[in-house]
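# A closer look at the structure
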Amino acid sequence: MGEWAGETVGPDVWETCWELIPAGSVFAFLAEHRGALFPADMFADMYPSANGRPSMPPQILATAITLQALHGLSDFETVQELRCDLRWKAACGLGLHDMAFDPSLLAYFRRRLSRSVRPNRVFETVREVVRATGVLRGKHRRALDSTVLDDAVATQDTVTRLIAAVRAVIREVPGAAEVAAVRCTAHDYTDPGKPRIAWNDQAARETLVDALVTDALRLLGHLPEQELGEKAANAVGLLALVTGQDVEPAEDSDGRDGRWRITRGTAYDRMVSTVDPEARHVHKTRSHQQDGFKAHLAVEPETGLYTAVALTPGAGSEHHEAAVGVDLLAGEEDPVDVFGDTAYSTGEARQALDEAGHRLFLKPAPLRAAVPGGFTLDDFRIDTTTATVTCPAGHTVPLSEPGGQHQQRKAAFKDLCTGCPLRERCTKAKAGRILTIRPHHDLQAAARDQAATDPDWQADYRRWRPPVERAVAWLVQHDNRKLRYRGAIANNTWLHTRAAALNLRRLINLGLTRTGSTWTINPATT
């Protein structure tokens, strides 16, 4: 690990030009307190070997990636700022004539950081500063939200994905090239272009897809028996995944004659690019779709500080807002008031947060009536203790025992609906109304009642939920909705660094300073 020797190339910018650096800026703060914020021993575990050429001091690189994340710059742009901008030189401790370093060093440092035991240490360090200042003392509210970040790669069509996956196997698996030369005839896989067909001819496209899938299956089926390394195993798995998710047996095929077509519809958890296999289709609404990842945020709404963040793939129940939201609040030392929209209002999340002692201001999901304008679940008297359900007409039926994958209970009114004067407002089913009661029904029913009838709950929700949208806007400004890296690990490290930089800027605006060895907040007086 390189160590700071206190020498600069040329005059020290901060000492000679400090009056040119905007007071109260992140640049000026880092120029003064960089060593206290990012001490050398903070990065010692990332450089376990004492052999070889000393690296650039990690304090400089940590400061550089923090400013990079704050301003949304590429590696090349960041190094240009370090070479040409006095503010950046002062913040990182470089001399006036210092030409900084090659941009690849930033990628090398981020890779070391993301693979270390504490990949989010920059965020954790700023969080310790937040704790030391006491700025959140007595502020017991947390607002949850998520936003979609666009991936750094182009979404590929099925033909491109199949060809790219076959090429990866040929490139990474020993002996695969020889197999492909004999077995794969649909396309010249050494040709970087797409197959030369009449792309406006549907029959030609279908014939090509069928031939490419046949090639893929032949290649997978004739690979030599051998122990595969990580890259080779990933390439084989990727080809199998692409072949399985994007195609299905042809219309008049029984699946055994080797004829294939592109799948009608979208497969669950569909991979959209072989370049970044973790990127996914993401639906924030029914009508709006993006390709990328989800950024999850927990924010203190009064100060706008991020208390926890996480980046996950965009699909899968384990990456749903409610599941991740519970994890974001796991580090809270005391119970808090939790604000969130309907995405966080699942029964499982409510139960987990309620058991942790938090007060919930989660907007309940609206109920849908079986008949437009008719009765919803809340119009029935449902007693899960006595296992009975009474309909609006006064008929009472028993509630079944929990069953099925989701442990749901059923209440079937059947013949009681025949001739009922309220039937037209209740059901269109010939067999009568059947209610499905989910495991956390009582929690959800109580939440819906509170949201509809409690004016204090409504006032608090309207006051403290909207500020999280400001935090989302801060996160994605300066074109930061578009990710620069591939994979969840690298982008999760970036998200934490971005949140740390925004928190640092916010703390400075609130009056962050260091007195002796103590971080304090001294608000500016007017």
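Scoring rules and cut-offs
- All residue numbers here refer to positions counted from 1 along the written sequence of the relevant chain.
- Only residues with pLDDT of 70 or above have their local features reported here, since the model is predicted, and side-chain atom pairs are shown and tallied only from 80 upward, although totals for entire chains, interfaces and linings are computed over all residues.
- No hydrogens and no water enter the side-chain calculation; it runs on all heavy atoms of the structure.
- In this description, strands pair whenever DSSP reports at least two bridges between them.
- Strands here are runs of E lasting at least two residues and helices are runs of H or I lasting at least four, both read from the DSSP assignment and numbered beginning at the N terminus.
- Helix axes are fitted only over the stretch in contact, all axes being lines through C-alpha atoms; the angle between N-to-C directions runs from 0 to 180 degrees.
- Orientation categories follow fixed angle ranges, with anything under 35 degrees roughly parallel, anything over 145 roughly antiparallel, 65 to 115 roughly perpendicular, and all other angles oblique.
- Residues are treated as being in contact if the distance between any of their heavy atoms lies within 4.5 Å.
- In this classification, Asp, Glu, Lys and Arg are treated as charged, Ala, Val, Leu, Ile, Met, Phe, Trp, Tyr, Cys and Pro as nonpolar, and every other residue, Gly included, as polar.
- To sort residues, take the accessible area from a 1.4 Å probe on protein chains only and compare it with the maximum for the residue type: under 20% means buried, over 50% means exposed, and anything in between is partly exposed.
- By convention a nonpolar core is built from buried Ala, Val, Leu, Ile, Met, Phe, Trp, Tyr and Cys residues, the set being connected through side-chain atoms within 4.5 Å.

Okay, the sheet that holds strand β11 (residues 396-398) next. Through backbone hydrogen bonds, the strands of a sheet pair up, either in parallel or in antiparallel fashion. Pairing is antiparallel across the open sheet formed by 3 strands, whose spatial order is β9-β10-β11. Here the strands that pair on one side only, and so sit at the sheet edges, are β9 (381-383) and β11. The mean inter-strand angle of the sheet, taken between neighbouring strand axes irrespective of direction, is 15 degrees. Sheet analysis places β9 next to strand β10 (residues 388-390), joined by 3 bridges and oriented antiparallel. Directly across from Ile382, in β10, lies its bridge partner Val389.

Contact geometry of helix α14 (residues 441-453) with helix α15 (residues 455-464) gives a least axis separation of 6 Å together with a crossing angle of 85 degrees. In terms of axis orientation, α14 runs roughly perpendicular to α15. Facing Gln450, Ala451, Ala452 and Thr453 of α14, the residues of α15 in contact are Pro455, Trp457 and Gln458. Of the residues belonging to the contact of α14 with α15, the class tally is 4 nonpolar, 3 polar and no charged.

The buried count for strand β6 (residues 305-313) comes to 9 of 9 residues, which makes it a mostly enclosed element. Examined bridge by bridge, strand β5 (residues 289-300) and β6 share 8 bridges and lie antiparallel to one another. Its bridge partner being in β6, Leu297 is matched across the sheet by Val309. With antiparallel pairing between neighbouring strands as the criterion, β5 and β6 make up a hairpin whose turn holds 4 residues, including Gly304 at a positive phi of roughly 80 degrees.

Ranked by internal contacts, the top residues of the largest apolar core, which has 80 residues, are Leu30 and Tyr306. For this core, the element with the highest residue contribution is helix α17 (residues 488-510), accounting for 10 residues. When residues no more than four places from it in sequence are discounted, the contact partners of Tyr306 are Phe123, Leu297, Ala298, Val299, Ala471, Trp474, Leu475, Ala499, Leu502 and Asn503. Ranked by size, the runner-up nonpolar core spans 29 residues in total, among them Val159, Ala180, Val213 and Leu239.

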